Structures are given as C-alpha cells and as structure tokens.
Amino acid sequence: MPPSLLLVLLPLAGLFGADDAARVIAKVNGTAITAGDVGFIVATRNVKSDERAEKEPQLIEELIDRQVVREFLVRRKISPPADELAYQIQVAEEVIKKHGDDPAQLLPKLGYTSERLKSELGLPLAWQAYARQTITLPQTREYFEQHRVELDGTQVRVRQIFLKLAPKPEETEIAAKVKTLKDLKGQIASGKITFQDAAKKHSESPTRDQGGEVGLIGFRGKLPAPVCRAAFSLKVNEISEPVISPFGVHLVQVTEIVPGDLSLEDVRPQIFDRLSEQLWTDTIARERKSAKIERR
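Residues numbered from 1 in each chain as written. Predicted model: local features only at pLDDT ≥ 70, side-chain atom pairs only at ≥ 80, totals over all residues. Heavy atoms only, no water.

Asks: Could you give an account of the pattern of salt bridges, naming the residues involved and the relevant values?
Replies: The tally for this structure, following the rule as stated, stands at 18 salt bridges. Close ionic contact of E287 with R75 constitutes a salt bridge, the shortest N to O distance being 2.3 Å. Residue E287 is found in helix α13 (residues 264-288), and its partner R75 is found in helix α4 (residues 52-75); the two are separated by 212 residues along the sequence. Among the salt bridges present, the one from K179 reaches D183, with a minimum N-O distance of 3.0 Å. Of this pair, K179 and D183 both sit in helix α10 (residues 171-189), separated by four residues, roughly a single helical turn. (Salt bridge = Lys/Arg side-chain N within 4 Å of Asp/Glu carboxyl O. Helix = DSSP H or I, 4+ residues; strand = E, 2+ residues; numbered from the N terminus.)

Asks: An account of the pairing of strand β6 (residues 248-258) is requested, with residue identities and associated values reported.
Replies: As defined by bridge partners, strand β3 (residues 155-164) adjoins β6 across ten bridges and the pair is classed as antiparallel. Looking at β6, one finds that K164 is bridged to G248. The pairing of strand β5 (residues 243-244) with β6 spans two bridges and is antiparallel. If you follow I244 over to β6, its bridge partner there is V249. (Pairing = 2+ DSSP bridges.)

Asks: I'd like a description of the packing of helix α7 (residues 114-134) against α13, backed by residues and values.
Replies: Contact pair α7 / α13: the axes reach a minimum separation of 10 Å and the direction vectors enclose 105°. Relative to α13, α7 is oriented roughly perpendicular. Here L123, W127, Q128, Y130, A131, R132 and T134 of α7 come into contact with α13, specifically with F272, S276, L279, W280 and T283. Residues that form the contact of α7 with α13 fall into these classes: seven nonpolar, four polar and one charged. (Axes fitted to C-alpha atoms, helices over the stretch in contact; angles between N-to-C directions. Parallel < 35°, antiparallel > 145°, perpendicular 65-115°, else oblique. Contact = heavy atoms within 4.5 Å. Nonpolar A, V, L, I, M, F, W, Y, C, P; charged D, E, K, R; others polar.)

Asks: If you had to explain the sheet that holds strand β2 (residues 31-34) to someone new, which residues and values would you point to?
Replies: Across the sheet, which stays open at both edges, the three strands sit in the order β2-β1-β7 with antiparallel pairing between neighbours. The open sheet is flanked by β2 and β7 (293-295), the only strands paired with a single partner. Between one strand axis and the next, the sheet turns through 25° on average, direction left out of account. Direction of pairing for strand β1 (residues 24-28) relative to β7: antiparallel, over a ladder of three bridges. For V28, the partnering residue across the bridge sits in β7 and is I293.

Asks: Go over helix α11 (residues 195-202) with me, naming the residues and quoting the values.
Replies: Listed as buried for α11 are F195, A198 and A199. Down the axis of α11, the buried side of the element spans an arc of 100°, and every buried residue falls inside it. Where α11 is buried, its residues touch β3, α10 and β6. (Buried < 20%, exposed > 50% of the residue type's maximum accessible area, 1.4 Å probe, protein only. Arc of directions from axis to C-beta.)

Asks: Lay out helix α12 (residues 225-232) with the relevant residues and their values.
Replies: Taken as a whole, α12 has its buried residues at V227, C228, A230, A231 and F232. As for α12, its buried residues are in contact with α9 (148-151), β3, β4 (213-217), β5 and β6.

Asks: Describe the packing of aromatic side chains, listing the residues and the values that go with them.
Replies: By the definition in use, this model includes four aromatic pairs. Taking 5.2 Å as the distance between ring centres and 50° as the angle between the ring planes, the aromatic pair formed by W127 and Y130 counts as tilted. Of this pair, W127 and Y130 both sit in helix α7, three residues apart, which is roughly one turn of that helix. The same class applies to W127 as to Y130, namely buried. Seen in terms of ring centroids, W127 and W280 are 5.1 Å apart; in terms of plane orientation they differ by 85°. Their pairing is edge-to-face. Of this pair, W127 sits in helix α7 while W280 sits in helix α13, and the two are 153 residues apart along the sequence. Given the relative accessible area of 23%, W280 is considered partly exposed. Put simply, the rings of F72, W127, Y130 and W280 touch in pairs and so form one group of aromatic residues. (Phe/Tyr/Trp six-rings, centres within 6.5 Å; stacked < 30°, edge-to-face > 60°.)

Asks: So, the nonpolar core: which residues are in play, and what are the values?
Replies: If you look at the biggest cluster of nonpolar residues, it comprises 21 residues, and the most contacted ones within it are L73, W127, Y130 and I271. Taken together, the elements giving at least two residues each to this core come down to α4, α7, α8 (137-146) and α13. The leading source of residues in this core is α13, at seven residues. (Core = buried A, V, L, I, M, F, W, Y, C linked by side-chain atoms within 4.5 Å.)

And the structure:
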C-alpha cells in the first residue's frame, strides 16, 4: 500500500463500520481477508461502481495471492528492510494526519490495525528483498540475450491492415474479420494484390491512405501490445497472422529493422522488474497448491 494511495482510502472510512470492514470474505491458511481489504483494492484500482460486481471476484483472488506470497516470505525469513519500512509507515501516518485524522482511530475503521498496516506496507519491500536475493546475474544476461530486440532500442518499420471490432464483439464478428485478413494475406502472398493496395482498399485505420504505413515503432510502441509483439517476431517483408487487440484485428508487415544500441547495463532495472514479476507469478502458482484457501 503506497502511502499516496491512502488518499484514496480516506473516504472509505465513512463507508465502513468497524464490523463491516472486518467481515471475512476469504481465508488463507486461517488468515482472514476482509471487506475492508476488498474495499481498499476496489478504491485503489478505481473500479467503477457499476463494474464492481463483475471485477470483485478477480480482485479477491489477487488478495489471496498477496497473502500466499506474504506467508511464503515469512517462512523464508525474508523481512522488509527496517529503515525503509519505518519510513513508509511514517509517511503513511503523516498523510492521515494532514487530512485531519488520527491514525489510531482511522485505521480500525478501514479494518486495519497498526500491525496490519505494517504488513501491507512491508509486503512489496520484502518481495523486492527476496527478488534481489533470487535473481542472478547469469539469469539477467540470459534474459537480455533472449529478448534483445525488445530491450536494446531496436525499432521496426511496419505497415498494417486494420479492421475495427465492436466494443464487446461477438465471437462470430471476430472470426469473420480474422478470416477476411487471412484471405487478404493469401492474396498478397500469391501476388494478386500488394499489401499497400490491400490496406488502401480494406483498412479502417487512418493510415489506409498511406498504404497502411505506420512508420518506425519500438517494442512498447504506438500500436497495441499484441501488435508490437507480433511485429517484433517478424523478419523483413514477412506478414503476421491476424492479431486481435482490444481495438480490432490487425495484419502486420515489417519492411525494415533498425537495430538498437542499448546494453545490458542500460536495461538491467527493466529486466529485473520483468524477472521479479515472473518470479511472483511462479511463486503464487506453486504456493497455492498447498495453501488452504476458503472463500465465503
């Protein structure tokens, strides 16, 4: 719980009674996850009231994941650095006081004791300590070599043919537009039409008048993430299979690859974050198998 997010939590104090905040939603090895916990994550994720019922089950699973990791770290005797944790608690209490509240009175309204607050603030700090112990330099080097073009600043020049989808498309609509793009790919491959002419005729992107020319993009570029991933897997002049994004269906062609010049040292923090995220996911999957999880 970053202290700045307490700004979101403060209004929740008026919505919960102490009993309601403490209402048990689930248990992990006997440790309760409460309505106050759910209210917190709903608020900090800016979940709209009309979306809460749909998203709450997934958010509860995230809270279960956090508790599973917390218990794993305790068993491994991994603690957050004391000075960093003390600083986070101090900042959190100052935020509460600046809004005219007494931490000793506000926290129980949110379903938090001082120990619970310490546990919440300490989790990301303890996880970082564990990840620093676990992720090795050879792992970091190997990841860089396997994902070099994603990390070293490489850019690719792309064209696309884009077909829009409705905000909540039916499977039949998706299938029809995927088929359209597969057919177009076949026509391009056989020489019946060029990619540029197909884009001018069929694409629903603003780039259609330029023959679908998007220009140079990085791995985290101006196109949706699934499209960037597909583009970076292609060789020059290769055409992707149809790619589905939140916006529609894309057919992508790479026409140039411009190598990057960033080194391992330049991107080491980014690699650490990726490996830490994967370690988190793997730890949860393993620890859930032996955890006793009860849902109310």
